[in-house]
Amino acid sequence: MEEYLTFRPATMKDADLLLEWRNDPLTREMSFTTDIVARETHIPWLKAQLEIPTHHTYIASAYGEPVGVIRAYEWERDIELHVTVAPEYRGRGASTQMILWMVKHLSSVGNLFIARIKEQNLRSTRAFIAAEFKEIGR
């Protein structure tokens, strides 16, 4: 797979873009929480997330254009990954590249990387399998 993404930490300046991606109909359908998120809810949530040292949020860009976000939550024994790709960039391999980058970026932590994926979310399942994750349950 061609590597074409660059990564930078998310900031509050990304709030509106992240909210737009979060409220995309397909993103909501594939999320465990399917409700539309209001800006009044999103802004304080994002601010809190960005302040937690064990939560990592990175914007992936291709040729200067943001294409997605990857979040990692360090728990006691696990690091849980969450990926969202901008609708116009889906199907181009960005998810797998974001997953591989985050695993490499946080590999020194030593925890087990996990992802919870809805059964019907075949794109995410394929992306994580391509990144050498193993399916351990449904």
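Position numbers for residues count from 1 along each chain, tracking the sequence in the order it is written. Restriction of local features to residues with pLDDT of at least 70 applies here, the model being predicted, together with a cutoff of 80 or more for giving and counting side-chain atom pairs; totals for whole chains, interfaces and linings are based on all residues. Hydrogens and water molecules were not included; the side-chain quantities draw on all heavy atoms of the structure.

So, about the packing of aromatic side chains. Two aromatic rings, drawn from Phe, Tyr or Trp (for Trp, its six-membered ring), form a pair once their centres lie within 6.5 Å of each other, and the interplanar angle then sorts them: stacked below 30 degrees, edge-to-face above 60, tilted otherwise. What the rule picks out here adds up to five aromatic pairs. Both rings, one in Phe-7 and one in Trp-101, keep their centres 4.1 Å apart while their planes meet at 10 degrees; by these two values the pair is stacked. You can see Phe-7 sitting in strand β1 (residues 5-9) and its partner Trp-101 sitting in helix α4 (residues 94-105), a full 94 residues away along the chain. Residue burial is assigned from relative accessible area. The probe radius is 1.4 Å, only protein chains are included, and a residue is buried under 20% of its type maximum, exposed over 50%, and partly exposed in between. On the basis of relative accessibility, which here comes to 24%, the residue Trp-101 falls in the partly exposed class. Taking the centre distance of 4.9 Å and the plane angle of 65 degrees together, the rings of Tyr-58 and Trp-101 count as edge-to-face. In this text, helices come from DSSP runs of H or I with a minimum length of four residues, and strands from runs of E with a minimum of two, each type numbered from the N-terminal end.

Once that is clear, we can look at the sheet that holds β1. Only strands that DSSP links by at least two bridges are regarded as paired with each other. Here we have five strands laid out as an open sheet, ordered β1-β2-β3-β4-β5, and mixed in their pairing. With one partner strand each, in any of the chains shown, β1 and β5 (112-114) form the two edges of the open sheet. Between one strand and the next, the sheet's axes are offset by a mean angle of 30 degrees, whatever the strand orientation. Across five bridges, the pairing between β1 and strand β2 (residues 55-62) is antiparallel. Each residue of the ladder has a partner; that of Pro-9, found in β2, is Tyr-58. To obtain each axis, a line is fitted to C-alpha atoms, and for helices this fit is confined to the stretch in contact; angles are then taken between N-to-C directions over 0 to 180 degrees.

So, about the environment of Ala-15. Relative to the helices and strands, Ala-15 resides in helix α1 (residues 15-22). Residue classification places Ala-15 among the buried residues on the basis of a relative accessible area of 2%. Distance in space between the C-alpha atoms of Ala-15 and Trp-45 is 10.0 Å, their sequence separation being 30 residues. Here a residue-residue contact requires only that any non-hydrogen atoms of the pair lie within 4.5 Å. If sequence neighbours within four positions are ignored, Ala-15 has contacts with His-42, Ile-43 and Leu-46.

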